[in-house]
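Chain by chain, the residues:
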Amino acid sequence: MTAALALHGVSKAFGPIEVLHGVDFALHPGEVHALIGENGAGKSTMMKILGGYIPATGGEVRLDGKAVRFASSDAAETAGVVMIHQEFNLAEYLSVEQNVFLGRELRRGWLLDHRAMQARTSELMDTLEAGVAPTARVSRISVPQKQMVEIAKALSRDVRVLIMDEPTAVLTGAEAEVLFKQIRRLRDEGAAILFTSHKLDEVKGIADRVTVLRDGAVVSHGEAGEFTEDTMATAMVGREMSDLFPSKRAGGDEIVLEARGITVPGRVEDASLTLRRGEILGIGGLVGAGRTELVEGIVGLRPRTGEVRLNGEALPADAAEARRRGLVYLTEDRKGAGLLMEKSLRENLTLSVLHRFARPLIDRKAEEAALTEAIRDYDIRAPRRDMKVGNLSGGNQQKLLLAKTMLADPDVVVIDEPTRGIDIGTKSQIYDLIHRLAGEGRSVIVISSEMPELIGLASRVYVMHAGRIAGELAGQDVTEDRIIRLATGLGGDREKAA
């Protein structure tokens, strides 16, 4: 069968650095082909070449067996090749309908046909079970809903080849299943689909074929049935991944953070928790259960009632005061709220503690020394120190965000979704860094939607359901079954903290 879209001996260099080395790759009609690899393996570069966003340095791109050079992504879309990016490409202050049809508006004579566009948008969003009105402003909808808008944009086109870069990174399991229904429908209608994900269980469940990329070269490929999650992970990183998590840390007896009766209006009601010195504590639950809102209330990023005590002293609902007293929060939205994508590594690293580098003018030499130390201690991999942070891989952005946060020398660290959108090799590094923080006597709260992450890292887990803490699990009781039961409101024994 002739491939719908293929690469033949494709290489790509940025200046003197070659990031793809003679890659052969084929997408066939009526199949889902998973492309997997660590961050930095070259996946995004491959997809951008296939989608017409950047040209190859060497080799050929072939469409229906014939060599083609897409002048732009628009030219690729005209040929039926559509890409859904990991990073949202939405106009925040336009409506959902306007985003779906931006640049391809439907017209009735000289006028825009808003009725037709709203009807089609409503149909697409209903199909994706997104629960979003076509007239809703994009800036006011949730991150998962924004991802569904990006997917709706792609589905509104006449798609022959669909390239999906981490489409489920911000989706719940239920939302991902809705997307998979659409992927299977498109496949059955004859579309060729390229799917990338760091969630290997998803790859195993949706893909017909798998290609593994490492260091810019294809190292393994075949039918999906030939792979297990373990063999995929091993091929990606070039080593066994059986020891993904370090040994657990239970922490000491000293309580460093205590929250009692926390209520965040409309989000969280009467939640209480404790955190011990040197402990890694997990907070689980389904998306929308109030996990993030609870910790944002505790650290003072949201209005709240109830009492918070840090090292025995009352803490007001003031994020600046919490930070000054050693309680910091790493947001789940590292691109929107954690880092400045258009600024350099140095500027991002020192921004929140800039006063420490004022002499009174900013001491650039001291900033560069701090960056050197952060790159070493957190294994931040960047081709150039002066590059924009937006050009780093997701894993390296997360390590930079962690280094930036730790520059304030906090006592308590709250990390929301520590490995979202990060490859399995870098996940292991992040887990080791979290374990190291606890080993230094710091206390860590991890909020995660990934069950293995909670089970593998945390000695205790609070599980939330519908804005309340449904239960607390500790030791051997931190299991998938017990977490799921509590998260879905089925109940379960609540283990009291010792």
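Structure: see above.
Definitions and limits used
Residues numbered from 1 in each chain as written. Predicted model: local features only at pLDDT ≥ 70, side-chain atom pairs only at ≥ 80, totals over all residues. Heavy atoms only, no water. Pairing = 2+ DSSP bridges. Helix = DSSP H or I, 4+ residues; strand = E, 2+ residues; numbered from the N terminus. Contact = heavy atoms within 4.5 Å. Axes fitted to C-alpha atoms, helices over the stretch in contact; angles between N-to-C directions. Buried < 20%, exposed > 50% of the residue type's maximum accessible area, 1.4 Å probe, protein only. Phe/Tyr/Trp six-rings, centres within 6.5 Å; stacked < 30°, edge-to-face > 60°. Lys NZ or Arg CZ within 6 Å of the ring centre and 35° of its normal. Core = buried A, V, L, I, M, F, W, Y, C linked by side-chain atoms within 4.5 Å.

Would you explain the sheet that holds strand β13 (residues 255-264) in this entry?
Hydrogen bonds between backbone atoms are what pair the strands of a sheet, whose relative direction is either parallel or antiparallel. Spatially, four strands are ordered β14-β13-β16-β17 in an open sheet, and the strand pairing comes out antiparallel. Either end of the sheet is taken by a strand with one partner, and the two such strands are β14 (268-276) and β17 (313-314). Sheet strands in contact with helix α9 (residues 291-299) are β13, β14 and β16 (305-310), and its direction is about 115 degrees off that of β13.

So what exactly am I meant to see when it comes to the side chain of E296 here?
Inspection of the secondary structure assignment puts E296 in helix α9. Look at E296 and you get buried, because its relative accessible area is 15%. Contact partners of E296, with chain neighbours within four places excluded, come to L301, R302 and Y329.

Can you walk me through the packing of aromatic side chains in this structure?
For any pair of aromatic rings, the description consists of the separation of the ring centres together with the inter-plane angle of the planes. In total, this model carries two aromatic pairs according to the counting rule given. Consider the rings of F180 and F195, whose centres lie 6.1 Å apart with planes at 70 degrees: the pair is edge-to-face. Placement of F180 in helix α6 (residues 173-188) and of F195 in strand β10 (residues 192-196) is noted, with a sequence separation of 15 residues between them. Judged by its relative accessible area of 5%, F180 falls in the buried class. Given the relative accessible area of 0%, F195 is considered buried. Centre to centre, the rings of F245 and Y431 are 4.6 Å apart; their planes meet at 20 degrees, and the pair counts as stacked. Of this pair, F245 sits in the loop between α8 (229-237) and β13 while Y431 sits in helix α15 (residues 424-439); the two residues are 186 residues apart in sequence, bridging distant segments of the chain. The ring centre of F14 lies 5.2 Å from the NZ or CZ of K12, which sits over that ring. Residue placement shows R436 over the ring face of Y378; its charged tip is 5.1 Å from the ring centre.

Honestly, α8 in this entry has me stumped. Any pointers?
Each full turn of the α-helix corresponds to 3.6 residues, which orients residues three or four apart in the same direction. Among the residues making up α8, those that are buried are M232, A233, A235, M236 and V237. Buried-residue contacts for α8 involve β3 (31-36), α7 (200-206), β11 (209-214), β12 (217-223) and α15. Looking one or two places after α8, you find G238, whose phi comes out positive at around 75 degrees.

Got a minute to help me understand the sheet that holds strand β4 (residues 58-63) in this structure?
Taken in spatial order, the four strands make up an open sheet running β2-β1-β4-β5, and their pairing is antiparallel. In this open sheet, the two edge strands, each paired with only one partner strand, are β2 (17-27) and β5 (66-68). Along the sheet, successive strands turn relative to each other by an average axial angle of 35 degrees, direction set aside. Across three bridges, the pairing between β4 and β5 is antiparallel. Across the sheet, L63 pairs through a bridge with K66, a residue of β5.

Honestly, the nonpolar core in this entry has me stumped. Any pointers?
Nonpolar side chains tend to gather and get buried jointly when the protein is soluble and globular. Membership of the largest hydrophobic core comes to 86 residues, with the highest contact counts inside it found for L162, I183 and V210. With seven residues, the top contributor of residues to this core is α15. Ignoring any residue separated from it by four or fewer positions in sequence, one finds V210 in contact with H33, A34, I36, V203, S220, H221, G222, A224, F227 and M232.

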